[in-house]
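# Descriptive structure summary
Okay, here's what each chain looks like letter by letter:
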Amino acid sequence: GLAHENEDNKIFIAQSGAIPKLVNILRNGNETARIRAAGALGTLAENKTNANAIVRSGALEPLADMVAKGARASQREAATALSNLSLGNNNVQKKVLKSLQGGAVLGIQGANRDNIVSVRARLVELENYDEDP
């Protein structure tokens, strides 16, 4: 895609107003559109400035919902986006944790539930899900 390997394109796409539109698709689109929007946000989230804008735009709740309740393709793309966001600053990390109810949404129990490293490791596992059987 346009942004995968090009940092300038990630910034340009975000500055052109794409993030709120993608979040709207996450909230209101069909499954295929939601998967693609999550994938695009995951790519844009590789840039720290974009990560802050994605969090501010309200993407965390629908992404967490996709991880919790979506088909494997939805879980995979949403997990990638959340994983990329979890690499952001401490404030972004805390918001990612909160959106996932600690790690409870991911099935993480006990002391590791509020550990960003444990949550990120589980997100990476979900990123590597195979296609639906």
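A quick note: this is a predicted structure, and the numbers were derived from the prediction, not measured.

## Examining the overall build of the chain
Tallying secondary structure elements over the chain gives eight helices and zero strands in all. For the chain, the C-alpha radius of gyration of 14 Å lies close to 14 Å, the compact-globule estimate for 133 residues. With the C-alpha coordinates of the chain rotated into their principal frame, the extents come out at 40 × 35 × 25 Å. The burial tally for the chain puts 44% of its 133 residues in the buried class. Long-range contacts, defined here as pairs at least 24 residues apart, represent 57% of the contacts in the chain between residues at least 6 apart. Carbon and sulfur atoms make up 48% of the accessible area of the chain, which amounts to about 7,100 Å² in all.

## Quick word on helix α3 (residues 31-44)
Given 3.6 residues per helical turn, the α-helix brings residues three or four places apart onto the same face. Look at α3: 20 Å from first C-alpha to last across 14 residues, which is about the 20 Å you get at 1.5 Å a residue. For α3, every residue scored as buried is listed here: Arg34, Ala37, Ala38, Gly39, Leu41, Gly42, Thr43 and Leu44. Elements in contact with the buried residues of α3: α1 (7-15), α2 (18-28), α4 (48-56), α5 (60-69) and α6 (72-85). Regarding α3, its N-cap is asparagine 30, as a side-chain oxygen of that residue lies 3.1 Å from the backbone nitrogen of threonine 32 further along.

## Considerations on the pattern of salt bridges
Counted according to the given criterion, the structure contains five salt bridges. Measuring nitrogen to oxygen at the nearest pair gives 3.5 Å for the salt bridge that ties glutamate 7 to lysine 10. Linking glutamate 7 with lysine 10, this pair stays in helix α1, spanning three residues, or about one helical turn. The class for glutamate 7 is partly exposed, based on a relative accessible area of 37%. One salt bridge in this structure joins aspartate 65 and arginine 34, with 4.0 Å as the shortest N-O distance. With a gap of 31 residues between them, aspartate 65 in helix α5 and arginine 34 in helix α3 connect regions that are remote in the sequence. When salt bridges that share partners are traced, they join Glu7, Lys10 and Glu46 into one network.

## Examining the side chain of asparagine 47
When you line up the elements, asparagine 47 lands in the loop between α3 and α4. Of note is the side chain of asparagine 47, whose polar atom sits 2.9 Å from the backbone nitrogen of asparagine 50. Apart from residues no more than four positions distant in its own chain, asparagine 47 is found in contact with Glu7 and Ile11.

## Some remarks on the nonpolar core
Formed by 35 residues in total, the largest nonpolar core has its most connected members in Leu63, Leu82 and Leu85. Of all the secondary-structure elements, those providing two or more residues to this core are α2, α3, α4, α5, α6, α7 (90-99) and α8 (116-127). Contact partners of leucine 63, with chain neighbours within four places excluded, come to Leu26, Ala38, Ala78, Ala81, Leu82 and Leu85.

Calculation notes
- Residues numbered from 1 in each chain as written.
- Predicted model: local features only at pLDDT ≥ 70, side-chain atom pairs only at ≥ 80, totals over all residues.
- Heavy atoms only, no water.
- Helix = DSSP H or I, 4+ residues; strand = E, 2+ residues; numbered from the N terminus.
- Rg over C-alpha atoms; globule rule 2.2 N^0.38 Å.
- Buried < 20%, exposed > 50% of the residue type's maximum accessible area, 1.4 Å probe, protein only.
- Contact = heavy atoms within 4.5 Å.
- Areas by Shrake-Rupley, 256 points an atom, 1.4 Å probe, with all protein chains shown as cover.
- Expected span 1.5 Å × (residues − 1).
- Polar contact = N/O pair within 3.5 Å; in protein donor to acceptor, adjacent residues only side chain to side chain.
- Salt bridge = Lys/Arg side-chain N within 4 Å of Asp/Glu carboxyl O.
- Core = buried A, V, L, I, M, F, W, Y, C linked by side-chain atoms within 4.5 Å.

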